[in-house]
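Working through the structure, step by step
Now for the letters of each chain:
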Amino acid sequence: VNPYLAMREAKIARNQKRLRELGLMNPPEPEPSIAATRTKRSEKQKPLTYPQPVRRSMRLSQTNPDYKDVSLPSEKQIAVGRKRARSPVASLDDTSTSIISKRVPSIKAYTPAAPAANSVRSIDLDVKSLVLGKDNIGLLGKMMERTGKEFVINQSFSLASSMEDQQRLADTRLSFNKYCGVQEWRNSIFLWVNLNNDSPNEFLDGTKRITWFGGSRMHDESPGILKLLQCGKDAITKEDSNIILWCRRYQPEIKIFTPYVCFGRLGYHSHVPGSRPLSFVWDLLDYDGLKHHSDLAVRENFDLFTK
């Protein structure tokens, strides 16, 4: 059984049970009767007839072909043909033409394009300063003032980018992929996670770990996945991480998501290679800071999101 599908089905069942308890789930509409859905059979259509191909035989049309119009190959083309017949590898000189070379385009090695000047992939972030800040006043456990990824991107840029990048991109709208669950910066990565709303993401091991699933087009060799794995495994040896987890929670009573909350840095724990979608488990490196934060609102948000 696919663990992703099993986890998703269990979560759907749990959410539907909760909705029934709250009286928010409408009773299913009665199914229409078989007689009502039955339609009259249409009259039998006549079988389609296709025109027969036109015979173009010169023998049947009693016309004599003119063989004088056929141009003979040149001596150079004949020599090339003999050479190709003797050699196992076909080779033509510069003056000859190959039909195959016209139809089959040459395959070039893929190289990722350089990021645009205003792309977040061209910007470095001070991750530790962004998450922890000075005197424990970073974004760890804090809920953003507005919903959406763009607000998170702009806040992170203003708080943790270099002065050089801020001067270079002053009054410029930053470019990023708002549809992807992974956002690369030049030296770091943001992971976006939805909670509730039939999402398969779960907190494990007493909320010290979290599951995360890649997008439908992601595979083991995707550039974003390779960078994610490298940054996650570097966190094990360096005891630091450049991967930041951002979570938002669906509120079924008002049918909207909350703003994103910074859940700190992530370290690699495990993943299932070749799975579709790619399945990961990450360690919350700032778990103690979230659980025992001096700000009561941070502790309450963490408990609410992880219950």
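Reading the values: rules and limits
Residues numbered from 1 in each chain as written. Predicted model: local features only at pLDDT ≥ 70, side-chain atom pairs only at ≥ 80, totals over all residues. Heavy atoms only, no water. Helix = DSSP H or I, 4+ residues; strand = E, 2+ residues; numbered from the N terminus. Buried < 20%, exposed > 50% of the residue type's maximum accessible area, 1.4 Å probe, protein only. Pairing = 2+ DSSP bridges. Expected span 1.5 Å × (residues − 1). Contact = heavy atoms within 4.5 Å. Polar contact = N/O pair within 3.5 Å; in protein donor to acceptor, adjacent residues only side chain to side chain.

1. A look at unusual backbone geometry
A cis geometry characterises the amide bond from Arg-276 onward to Pro-277, with omega recorded as -5°. Tracing the sequence through the fold places Pro-277 in the loop between strand 7 (261-272) and strand 8 (279-284). Positive phi is not limited to glycine here, since Thr-207 has a value of about 65°. Positionally, Thr-207 belongs in the loop between strand 3 (203-204) and strand 4 (209-213). Judged by relative accessible area, Thr-207 falls into the buried class, the value being 15%. A positive phi angle is found at Lys-255, which is not glycine, with a value near 60°. Tracing the backbone shows Lys-255 in the loop between strand 5 (243-251) and strand 6 (256-257).

2. Regarding the pairing of strand 8
Counting buried positions along strand 8 gives six out of six residues, so the element sits mostly inside the fold. Judged by which residues are buried, strand 8 turns out to be covered on both faces: Ser-279, Val-281 and Asp-283 on one side and Phe-280, Trp-282 and Leu-284 on the other are all buried. Inspection of the sheet shows strand 4 paired to strand 8 by five bridges, in the antiparallel sense. Paired with Phe-213 across the strands is Ser-279, a residue of strand 8. Summarising the sheet, strand 7 and strand 8 pair through six bridges and their orientation is antiparallel. Paired with His-271 across the bridge in strand 8 is Phe-280. Connecting strand 7 to the antiparallel partner strand 8 that follows it, the hairpin turn spans six residues, and Gly-274 within it adopts a positive phi of roughly 80°.

3. Regarding helix 7 (residues 149-160)
Its 12 residues give helix 7 an end-to-end C-alpha distance of 16 Å, which sits within 8% of 16 Å, the value for a rise of 1.5 Å per residue. Along helix 7, the residues classified as buried are Lys-149, Phe-151, Val-152, Ile-153, Ser-156, Phe-157 and Ala-160. For helix 7, the secondary structure elements touched by its buried residues are helix 6 (127-132), helix 8 (163-168), strand 1 (182-184), strand 2 (189-195) and strand 5.

4. As for the environment of Ser-156
You can see Ser-156 is positioned in helix 7. Sequence separation between Ser-156 and Val-131 is 25 residues, and the spatial gap between their C-alpha atoms is 9.5 Å. In this structure Ser-156 touches Leu-125, Leu-130, Ser-161, Trp-185, Phe-190 and Trp-246, once residues within four positions along its chain are discounted. Looking at Ser-156, its side chain comes within polar contact range of the main-chain oxygen of Val-152, at 2.8 Å.

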